[in-house]
Amino acid sequence: MGFKTTLLGQTFSFKTVKEVLAKANEEKSGDVLAGIAAGSAAERVAAKYVLSRLTLNELRNNPVVPYETDAVTRLIDDNLDREVFSAISNWTVAELREYILDDHTPGQALVGLSRGLTSEMVAAVTKIMSNMDLIVGAGKINIQATANTTIGVPGALASRLQPNHPTDSVAGILASAEEGLSYGVGDAVIGINPVEDSVDNISRILEALHELKNYWQIPTQICVLAHVTTQMEALRRGVPCDLVFQSLAGTEAANRSFGITVPLLEEACELAKNKGTAAGNNVMYFETGQGSELSSHSHHGADQLTLEARCYGLARHFNPFLVNTVVGFIGPEYLYDGRQVIRAGLEDHFMGKLSGLPMGVDACYTNHMKMDQNDLENLAVLLSAAGVNYFMGIPMGDDVMLNYQCTSYHDIASLRGVLGLKPLPAFEKWLEKMGLMQNGRLTRRAGDPSIFQRSRVGRVVS
Amino acid sequence: MKYRHHIPAPQDSAYLQQLLQATPARIGVWRSGTRPLTCDLLKFRADHAAAQDSVNGTVSEELLAGLDLPVLQTMVRDKDEYLTRPDLGRKLSTTGKAYFQQSTSEKRQVQLIISDGLSAQAIEANLSDFLPAFQLGLAYYRISCHRPVFVKYGRVRLLEDVATVVAAEVFVILIGERPGLVTAKSMSAYLVYQPTADTMDADYLVLSNIYSGGTPPVEAAAQLARMVNHVIQVKSSGVSLKLITLKE
């Protein structure tokens, strides 16, 4: 097998589908680090041409990690809707792109189509799409999910309140949480990244969040983002927990390096449904991010975009409430600068939506990257225009525990204002009841966390 | 002490003071429309500038000499290569390997590595408090320890390469964390039980946020010694350790 094409008077040849996929990627430092990136701008475009002519059937028959050796490949292929797939198996990737973008293709049709796509197909079409294509395509797809409230409502931009603290101080967590709530942040989830991954510690935090949520009757979800096994043990002890979190990767080996397997996640999902405190059936929260497979030496020579698509193929098996890429957290060896992070953020969001997921984005950067708050704000506006379900909300965008920067409480309010978006409906009603929002805009009260002094409940809640 | 904030007329000033005291996060900042005030916006940019600059710093020779630490290097040649080639930061240089092969023959229980990682300032700020306290802690548990070594441009999984030339049960690395805006002085300690070619991220135990505003270095040293003692007893670290302790 092999592929040849002539472009700009030069002939390019590729040995495998996997090589075509890798070289068709927009430039990423992680693919260069893996030694699989295109060697020139012309070779990159030549690979895109070849990829655009491949059929979906060829992509299904050539997963980047073989069916026999990888549980993620097996899960994705076994879950493929055969009927949907057989109707499109002869389409080329170019035809798939144009079908997605066609005005006559409604978003609902894309949701149906997604069941007939493997992650390699999702990745392939992404590689031949421009940034604007990715915005237009993702913008058509609405994916809803329900835990205590429903996310993915058209016209809404939700937010994860992320009030982390460097020593897991409950008082410190609540201080940042109350400031965030006063800016209208926290409708997707109130979620803490703990410093110490122990059952006792996360139970203490979950109890405090549960009490905050109940005291003020906040229509939202709570979660502590410890390892899944820690949360499972907390659930078994009867600790209140709405969503069970886990980081995912796109290969079986990379997931093993995270200490997870498919059966373990299935067990966690069942436990969350049976013992968790969420009312609805979407009870999982997953985070992903390009490059994690290479960082654990489990990428099998595949490119980071295709592996990221496979995370979404894995995630959808569990009908999650939240999925977000943490684009920009992993470092310059995978995404070098603001330009690469913006591209990756748009790619991940589109791929998540095309995989049928209620997709959010942790638009972020670290201090050893060539990126700053301006790049991040650009990405946030682009994603909001593309219909992203949620962002993170952090005091001034500065996470004092994870030591990285992402979207701020102010950014959430600004994005809603600029693009005419609203909080999730139940949360908006709650904000109105608290006197923090009126006609979709923050009131003069907003931004003052001291309104959450609990002995003053009678004065605040009408 | 009264904490600064910019909220013009807080509903409950005393409660606001409690909140400000509880976290180093940037709260009580107020807004102009939906945007931050100018002073907070510029403070943020100043802190980001400091963090970017600290990534490029180096640990002083005086500190390392004062603690009597041999200085080795990974296969990384400079800071730029360090940032884009983590694979090279996980391997000792030829000279580094030779040092261990010549100096350590007998087996001891712990090998401690110290590396600048992404923040030289983190090592500068914490190491002189941490190191003697950690050594005392190990002595308390009667745990034997090889001579600690500084390795420039290291990554956490450098421990797996060190384990190929050092006979020990537990390998520990103290490493400068990626600087945040609150501090560029935060250090992490990772430990792993007898790493091999099959070792994975989940096999590591971590103690992070070691600095004066997080877990202070002396306290962290005692905690780490306790963790090392536990790992030696159960002969496992990371997620597999958690599963073992959950079953107990």
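In this text, all values refer to a predicted model and were calculated from it rather than measured experimentally.

The rules behind each value
- Residues numbered from 1 in each chain as written.
- Chains lettered and ligands numbered in written order.
- Predicted model: local features only at pLDDT ≥ 70, side-chain atom pairs only at ≥ 80, totals over all residues.
- Heavy atoms only, no water.
- Helix = DSSP H or I, 4+ residues; strand = E, 2+ residues; numbered from the N terminus.
- Buried < 20%, exposed > 50% of the residue type's maximum accessible area, 1.4 Å probe, protein only.
- Contact = heavy atoms within 4.5 Å.
- Core = buried A, V, L, I, M, F, W, Y, C linked by side-chain atoms within 4.5 Å.
- Patch = residues over 30% accessible without salt bridge, like charges linked within 9 Å, V, L, I, M, F, W, Y side chains within 5 Å.
- Areas by Shrake-Rupley, 256 points an atom, 1.4 Å probe, with all protein chains shown as cover.
- Salt bridge = Lys/Arg side-chain N within 4 Å of Asp/Glu carboxyl O.
- Lys, Arg positive; Asp, Glu negative; His and termini not counted.
- Charge placed at Lys NZ, Arg CZ, Asp CG, Glu CD.
- pLDDT = per-residue confidence, 0-100.
- Buried area = accessible area lost by both parts, 1.4 Å probe.
- Polar contact = N/O pair within 3.5 Å; in protein donor to acceptor, adjacent residues only side chain to side chain.
- Nonpolar A, V, L, I, M, F, W, Y, C, P; charged D, E, K, R; others polar.

Let's talk about the overall build of chain B
Inference 1: Across its full length, chain B carries ten helices and six strands.
Inference 2: For chain B, the spread of C-alpha atoms along the three principal axes comes to 70 × 45 × 35 Å.
Inference 3: Across the 248 residues of chain B, 56% fall into the buried class.
Inference 4: Long-range pairs, those at least 24 residues apart, make up 68% of the contacts in chain B with a sequence separation of at least 6.

Remarks on the nonpolar core
General note: in soluble globular proteins, nonpolar side chains tend to be found buried as a group.
Inference 1: One finds A:Leu59, A:Tyr285 and A:Phe391 to be the most contacted residues of the largest nonpolar core, which totals 161 residues.
Inference 2: Not counting the four nearest positions on each side in its chain, A:Tyr285 is found in contact with A:Arg160, A:Val189, A:Cys223, A:Leu225, A:Leu243, A:Val244, A:Phe245, A:Gln246, A:Leu322, A:Asn324, A:Tyr390 and A:Met392.
Inference 3: B:Leu64, B:Val110, B:Val172 and B:Ala220 belong to the second largest nonpolar core, which has 36 residues in total.

Points about unusual backbone geometry
Residues and elements named next belong to chain A.
Inference 1: Notably, Gln217 is not glycine yet its phi reads approximately 50°, a positive angle.
Inference 2: Relative to the helices and strands, Gln217 resides in the loop between helix H12 (199-215) and strand E7 (222-224).
Inference 3: The exposed category is assigned to Gln217, whose relative accessible area is 53%.
Inference 4: In this structure, Asn319 takes a positive phi of about 40° despite not being glycine.
Inference 5: In this structure, Asn319 sits in the loop between helix H17 (304-315) and strand E10 (322-325).
Inference 6: In this structure Asn319 comes out as partly exposed when scored by relative accessible area, which is 46%.

A word on a nonpolar patch on the surface
Inference 1: Residues A:Val381, A:Val418 and A:Leu419 make up a contiguous nonpolar surface patch of about 250 Å² in total accessible area.
Inference 2: Positionally, A:Leu419 belongs in helix H20 (residues 409-419).

With respect to a negative patch on the surface
Inference 1: The grouping of A:Glu95, A:Glu98, A:Asp102 and A:Asp103 at the surface amounts to a negative patch.
Inference 2: Note on placement: A:Asp102 falls in the loop between helix H7 (93-101) and helix H8 (107-114).

Focus on the confidence of the model for chain A
Inference 1: Of all residues in chain A, 98% have pLDDT values of 70 or greater, and the mean over the chain is 96.
Inference 2: Ignoring residues within four places in sequence, the model shows residues 458-462 of chain A, a span with pLDDT below 50, making eleven contacts including any to other chains.

Re helix H9 (residues 119-127) of chain A
Because each turn of an α-helix spans 3.6 residues, side chains separated by three or four positions end up pointing in the same direction.
Inference 1: In terms of residue burial, H9(A) counts as a mostly covered element, since nine of its nine residues are buried.
Inference 2: Looking at H9(A), one finds that the buried residues are A:Ser119, A:Glu120, A:Met121, A:Val122, A:Ala123, A:Ala124, A:Val125, A:Thr126 and A:Lys127.

Considerations on the pattern of salt bridges
Residues and elements named next belong to chain A.
Inference 1: For the coordinates displayed, the defined rule picks out 36 salt bridges over all chains.
Inference 2: A salt bridge links Arg310 to Glu120, with the shortest nitrogen-to-oxygen separation between them at 3.0 Å. With a gap of 190 residues between them, Arg310 in helix H17 and Glu120 in helix H9 connect regions that are remote in the sequence.
Inference 3: For Glu120, a relative accessible area of 3% puts it in the buried group.
Inference 4: Here Arg256 ties to Glu252 by a salt bridge, and the two come within 3.6 Å at their closest N and O atoms. Taken together, the residues span about one helical turn, with Arg256 and Glu252 both in helix H14 (residues 252-257) at a distance of four residues.

Some details on the interface of chain A and chain B
Many descriptions give the size of an interface as the accessible area lost when the pieces come together.
Inference 1: Facing the 69 residues of chain A at the interface are 57 residues of chain B.
Inference 2: With both chains or domains summed, chain A and chain B bury close to 5,000 Å², and 56% of this area falls on carbon and sulfur atoms.
Inference 3: Of all residues in chain A, the largest losses of buried area upon contact with chain B belong to A:Asn367, A:Met396 and A:Asn403, amounting jointly to 14% of the total for that side.
Inference 4: In this structure, the connection of chain A to chain B is made through five salt bridges.
Inference 5: Of the charged contacts in the structure, one is a salt bridge between B:Arg35 and A:Glu377, with a shortest N-O distance of 3.4 Å.
Inference 6: Put simply, chain A and chain B have 23 residue pairs in polar contact (both at pLDDT 80 or more) between them.
Inference 7: Mapped onto the side of chain A that touches chain B, the elements with two or more residues apiece are helix H11 (170-182), helix H13 (228-236), H14, helix H19 (373-385), H20 and helix H22 (457-460) of chain A.
Inference 8: Here the side of chain A that touches chain B is built from residues that sort into 27 nonpolar, 27 polar and 15 charged.

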